[in-house]
Amino acid sequence: MTTVEIILFAVGAFLLVVGYRRSDRNKMLAAALLLFASAAIGPFSEGFEQGYADGESRDQSDLPR
């Protein structure tokens, strides 16, 4: 997951610079979204994996009928 974070950060930083130099607000918006995603994807994926593992480890007797 670290490589995905680094790639998103690099692309976001590149778009931020290009959007600022060309005064292109759409590119700066895309850069902001990519930078946000690069910071949020790590904890999200860890929580998703933990929740999936907890769901798989439940016994069938624990499920409500």
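Described in the following lines is the structure provided in the data block. (Residues numbered from 1 in each chain as written. Predicted model: local features only at pLDDT ≥ 70, side-chain atom pairs only at ≥ 80, totals over all residues. Heavy atoms only, no water.)

Along its length, the protein carries two helices and zero strands. When each of the 65 residues of the protein is scored for burial, the buried share is 14%. Total accessible area on the protein is roughly 5500 Å²; 62% of this is exposed by carbon and sulfur atoms. (Helix = DSSP H or I, 4+ residues; strand = E, 2+ residues; numbered from the N terminus. Buried < 20%, exposed > 50% of the residue type's maximum accessible area, 1.4 Å probe, protein only. Areas by Shrake-Rupley, 256 points an atom, 1.4 Å probe, with all protein chains shown as cover.)

So, about the side chain of Ser38. Along the chain, the position of Ser38 falls in helix α2 (residues 25–57). Within the structure, Ser38 has its side chain in polar contact with the backbone oxygen of Leu35 (distance 2.8 Å). (Polar contact = N/O pair within 3.5 Å; in protein donor to acceptor, adjacent residues only side chain to side chain.)

What follows deals with the packing of helix α1 (residues 2–22) against α2. In the contact formed by α1 and α2, the axes pass within 7 Å of each other and the chain directions differ by 160°. Put simply, α1 runs roughly antiparallel to α2. Note on packing geometry: the crossing formed by α1 with α2 is left-handed. Within the contact of α1 with α2, the residues separate by chemical class into 16 nonpolar, four polar and three charged. (Axes fitted to C-alpha atoms, helices over the stretch in contact; angles between N-to-C directions. Parallel < 35°, antiparallel > 145°, perpendicular 65-115°, else oblique. Left-handed = near helix turned anticlockwise from the far one by under 90°. Nonpolar A, V, L, I, M, F, W, Y, C, P; charged D, E, K, R; others polar.)

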